[in-house]
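# Descriptive analysis of the structure
What follows is each chain in one-letter form.
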Amino acid sequence: MTIASIGKPFTRVDGRAKVTGAARYAADFNQPDQLYAVIVSASVGLGRITDIMAAEVESMPGVKAVITHRNSPQLPYLPHKAVIDPAAGERLHVLQDEIVRFYGQPVAVVVADTLDDAEHAAAALRIQYDSSRPLVDPTDQLAERIAPSAGRADRSRGDADRALTEAAYKIDAVYEIARENHNPMEPHATIAAWEGERLILWSKTQYIANERAEIAAVFGLPVESVQVNCPFIGGAFGTSLRTWPHVTLTALAARHVRRPVKLVLTRKQMFFTTGHRPRTQQRVAVGANSEGKLAGILHEGVGETSRYEQFEEALTAVTEYMYSCPNLRTQYRLSPLDTGTPNHMRGPGEASGIFALESAMDELSYAMSIDPIKLRLRNEPSIDEAEGKPFSSRSLTQCYQVAAQHFGWSRRNPEPRSMRDGRLLIGMGAASATYPAFQAPANALVRLMADGSVEVEAAASDMGPGTYTSMTQVAAEFLGLPTDRIRFRLGRSDYPETPPHGGSWTMASVGSAIREACFEAQAQAAARATQPGSKLHGLLAPDLEWANGRLQRRGDPSQGLSYQDIVNGSGSPIEARGSAQRAQELAEKYSMHSFGAVLAEVAIDPDVGTIRMRRLVGAYGIGRVVNPLLARSQCTGGMIGGIGMALMERTVLDARDGRPVNAHMADYLMPVNLDVHQLEAHFVEEVDPHVNPLGVKGLGEIALVGTAPAIANAVFHATGKRVRKLPIYIEDVLGS
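The following refers to the structure shown. Quick caveat, the model's predicted, so the values are computed rather than measured.

Calculation criteria
Residues numbered from 1 in each chain as written. Predicted model: local features only at pLDDT ≥ 70, side-chain atom pairs only at ≥ 80, totals over all residues. Heavy atoms only, no water. 1 Å grid on protein atoms, 1.4 Å probe; cavity = no way out; pocket = protein on both sides within 12 Å on 5 of 7 lines; lining within 4 Å. Points joined across faces, edges and corners; volume = space filled by probe spheres on them. Helix = DSSP H or I, 4+ residues; strand = E, 2+ residues; numbered from the N terminus. Nonpolar A, V, L, I, M, F, W, Y, C, P; charged D, E, K, R; others polar. Axes fitted to C-alpha atoms, helices over the stretch in contact; angles between N-to-C directions. Parallel < 35°, antiparallel > 145°, perpendicular 65-115°, else oblique. Left-handed = near helix turned anticlockwise from the far one by under 90°. Contact = heavy atoms within 4.5 Å. Core = buried A, V, L, I, M, F, W, Y, C linked by side-chain atoms within 4.5 Å. Buried < 20%, exposed > 50% of the residue type's maximum accessible area, 1.4 Å probe, protein only. Pairing = 2+ DSSP bridges. Expected span 1.5 Å × (residues − 1). Phe/Tyr/Trp six-rings, centres within 6.5 Å; stacked < 30°, edge-to-face > 60°. Lys NZ or Arg CZ within 6 Å of the ring centre and 35° of its normal.

### Thoughts on the layout of surface pockets
- In this structure, the second largest pocket encloses a volume near 350 Å³.
- Counting only elements with at least two residues in the lining of the second largest pocket, the list comes to β9 (169-177) and β30 (725-726).
- Its residues assigned to classes, the lining of the second largest pocket shows ten nonpolar, one polar and seven charged.

Okay, here's the thing in structure tokens:
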């Protein structure tokens, strides 16, 4: 095609709708005769309900129903697991028994005429419990550590323990990361309306197809009886990948009162039942010979999970392929606690695991008096040594070159506590970043319209990276049309099915499906254009070519037809479907990952210990960049998430009952503009012919992955004090 759209910095096609309020989020879809529901959350961390004083609440103004396990119907909860659900265990069944499994578990839902009436009634509902003390701290001596019953296995090659014993230089340390909660701007919200046995949901979800299938399974409905709508998402970071209990409760309430019901979680309730990044502990040991070549790596990690599900993440996966090392052993364990199940959070597993690995590599560089970047590059692998196969592409070296040049790494004095700006201690740190280049099966539809426009549909979501815009560019590119002729639609379960909007695979998956649908639409258009009566009648495929949105005789633009000419000539739109997935042969042949380098500069007050981020420079090898404007925005967003992980975000549980004591935006700290300062994101030239037809790798996760360790390493460089836990607080560096 001669009209290039991919690679251009288009502004968001949905930008005007978002800034004018025309974009409608889940809670914006008010329905006729709608009621409001409010969840009552358990106020104990473990036990059973012994009494519910519902009668008084039921008589309060406006109250239509108080639904508890005593009057809730027994729901089928048919077996169903999606790719984002824990492989082992069973999802929480809400209002199906009197058992309280964690603090904040929904134990009742109140439905009323107004939100005000529902909130008053929910606050007035008294519930008695027979409670006991939950176990919520994975470091408690009573906490178990179990091997996951499904999923990740322990991995090894060579003899890591022996190699570490014999290494000339060795670091062996334990690293801890606090629990984090997602906290996007838009809270979780669902509106449910029943039309007989058909259920319509307007719900915040990153996985349209699964929300439909999950709710159908919970209520024992045919999948086609559930319709899910979610055209816009106000941020998510992974929290909306799963279908959480509030969706079931909204549908349950709507069926109970036989009217549409709206339920919006409070910010506090989002700390209870919508997942979190699990608290982790990791032991990493790295050893090297006198030339700085890694001799052995050991990585043992444990993450918290609930007692009813085993949530796993890729905590030790990066260590297996990041650097060349003949001897390696990894071990992953879970610690079941009396809490809700954790969930995927931006860079799940990789972000936590690489903090430990990259901190240990930094420590090793100081032990050996080698520049931290040189140590990493000295151990660049030629292949993925975990899988024994080549990388489809790997640009870590180029990433460090680009990042170091823009950052000015050469001006860094390697001696800790040696650089100052006035009285402030200045620190510069580096860390590698990586994330798998996933692709999942996806589908899309392209419809060529009589007015010359094009409709493109896919049941994807858009939580903020600009999916509306980037998918429009893909369709425009392969149809050879301007982007203003394309209308991309997403967010409906009756559109072609796509994988979850997460894991940095939406462009690779959905974009590839759109590409295939465009080719199919062109094939159908060519078939119509060569029918009797057309000016192209009689021409065969080798005689034709597409150029500038026209089908023409090859080498003769004067004999051609536009899409509009072709569709008008036959009188009905052309509708084409496309599907795409990674070929198994390629998946088995190559190891596919994005790589990046992150450099950080911090300024620390030596007297009061305040830590200020001054600069972050990231360089990334992510294959083909569809829209550099959106890509940089996504990267800087990931960096900001990494600042929060490094210096601020931490959910604290009360050991007595598991209550999140900082479940509000006053005490759960996240970066604001004053905390961010200068961010730079750069992309290295990278052509990957294997990863997918578009050559893209995705970048939603990778910018967060390497940020926290780069900051932690900068804190050490500034102070000479190694902090091996996140977030790093003032008190951690005081006295350094």
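### Regarding the packing of helix α8 (residues 350-368) against helix α18 (residues 707-719)
- It is the contact of α8 with α18, at a shortest axis distance of 9 Å, that shows an interaxial angle of 30°. Put simply, α8 runs roughly parallel to α18. Crossing of α8 over α18 shows right-handed handedness. Along the contact surface, α8 presents Ile354, Phe355, Glu358, Ser359, Asp362 and Tyr366, while α18 presents Pro709, Ala712, Asn713, Phe716 and His717.
- Residues of the contact of α8 with α18, tallied by class, amount to six nonpolar, three polar and two charged.

### Concerning the nonpolar core
- Grouped together as the largest cluster of nonpolar side chains are 86 residues, with contacts concentrated most on Leu599, Val602, Tyr620, Leu647, Ile711 and Ile728.
- In terms of residue count, the dominant contributor to this core is α8 (nine residues).
- Setting aside residues up to four positions removed in sequence, leucine 599 forms contacts with Ile373, Tyr400, Ala403, Ala404, Phe407, Trp409, Gly429, Ala430, Arg615, Leu616 and Val617.
- One finds Ala23, Ala476, Trp546 and Ala580 within the second-largest nonpolar core, a separate group that totals 48 residues.

### Remarks on the environment of lysine 589
- In this fold, lysine 589 is placed in helix α14 (residues 584-589).
- Classification of lysine 589 by relative accessible area gives partly exposed; the value is 46%.
- For the pair lysine 589 and proline 390, spaced 199 residues apart in sequence, the C-alpha to C-alpha distance is 7.5 Å.

### Considering the sheet that holds strand β2 (residues 47-53)
- Strand order in the open sheet formed by three strands is β5-β2-β7, with antiparallel pairing between adjacent strands. At either margin of the open sheet sits one strand with a lone partner, and together these are β5 (99-100) and β7 (126-131).
- Where β2 meets β5, two bridges bridge the pair, whose relative direction is antiparallel. Counterpart to arginine 48 in the pairing with β5 is isoleucine 99.

### Some points on α8
- Along its 19 residues, α8 runs 26 Å from first to last C-alpha, staying within 8% of the 27 Å computed at 1.5 Å per residue.
- Judged by how many residues are buried, α8 sits mostly within the fold: 18 of 19 residues are covered.
- Positive backbone phi, approximately 55°, marks serine 369, located one or two places after α8.

### Considerations on empty space enclosed by the protein
- Tallying each qualifying case throughout the model produces five cavities of 30 Å³ or more.
- Size it by volume and the largest cavity reaches roughly 180 Å³.
- Mapped onto the lining of the largest cavity, the elements with two or more residues apiece are α5 (208-219) and α6 (245-257).
- Here the residues of the lining of the largest cavity are counted per class, giving nine nonpolar, seven polar and four charged.
- Of the voids in this model, the second largest cavity is the one considered here, and its volume is about 90 Å³.

### A word on the sheet that holds strand β3 (residues 63-68)
- Taken in spatial order, the seven strands line up as β3-β6-β1-β13-β10-β11-β12 in an open sheet, and their pairing is mixed. In this open sheet, the two strands that pair with only one neighbour each are β3 and β12 (226-229). For this sheet the average axis-to-axis angle between neighbouring strands, irrespective of direction, equals 20°.
- Alignment of strand β10 (residues 189-195) against strand β13 (residues 261-264), held across four bridges, turns out to be antiparallel. By the bridge assignment, alanine 192 is partnered in β13 with valine 261.
- Contacts from α5 reach β10, β11 (198-203) and β12 within the one sheet, and its direction differs from that of β12 by about 145°.
- With respect to the sheet, α6 is in contact with β1 (35-41), β3, β6 (106-112), β10, β11 and β13, its orientation differing from that of β10 by roughly 35°.

### Quick look at α18
- Here α18 is 13 residues long and its end C-alpha atoms lie 19 Å apart, about the 18 Å a rise of 1.5 Å per residue gives.
- A large share of α18 lies buried, amounting to 13 of its 13 residues.
- One or two residues past the end of α18 sits glycine 720, with phi positive at roughly 80°.

### So, the side chain of serine 534
- Counting through the fold element by element, serine 534 comes out in the loop between α12 (506-529) and β23 (544-547).
- Assessed through its relative accessible area of 19%, serine 534 is described here as buried.
- For serine 534, the contacting residues outside a window of four places in its chain are Ala529 and Leu561.

### Points about the packing of aromatic side chains
- Taken as a whole and assessed by the stated rule, the structure comprises 18 aromatic pairs.
- Ring geometry for phenylalanine 271 against tyrosine 668: centres 5.5 Å apart, planes inclined by 75°, an arrangement best described as edge-to-face. Taken together, the residues phenylalanine 271 in the loop between β13 and β14 (280-288) and tyrosine 668 in the loop between α15 (628-647) and α16 (673-676) connect sequence positions 397 residues apart. In this structure, phenylalanine 271 and tyrosine 668 share a single accessibility class: buried.
- Look at tyrosine 366 and phenylalanine 716: their rings are 4.7 Å apart centre to centre, the planes differ by 70°, and that puts the pair in the edge-to-face class. Of this pair, tyrosine 366 sits in helix α8 while phenylalanine 716 sits in helix α18, and the two are 350 residues apart along the sequence. Here the two residues tyrosine 366 and phenylalanine 716 agree in accessibility, since each one is buried.
- Of note, arginine 394 hangs over the ring of phenylalanine 391, and the distance from its end group to the ring centre comes to 5.0 Å.
- The ring of tyrosine 729 carries lysine 725 above its face, with NZ or CZ at 4.6 Å from the centroid.

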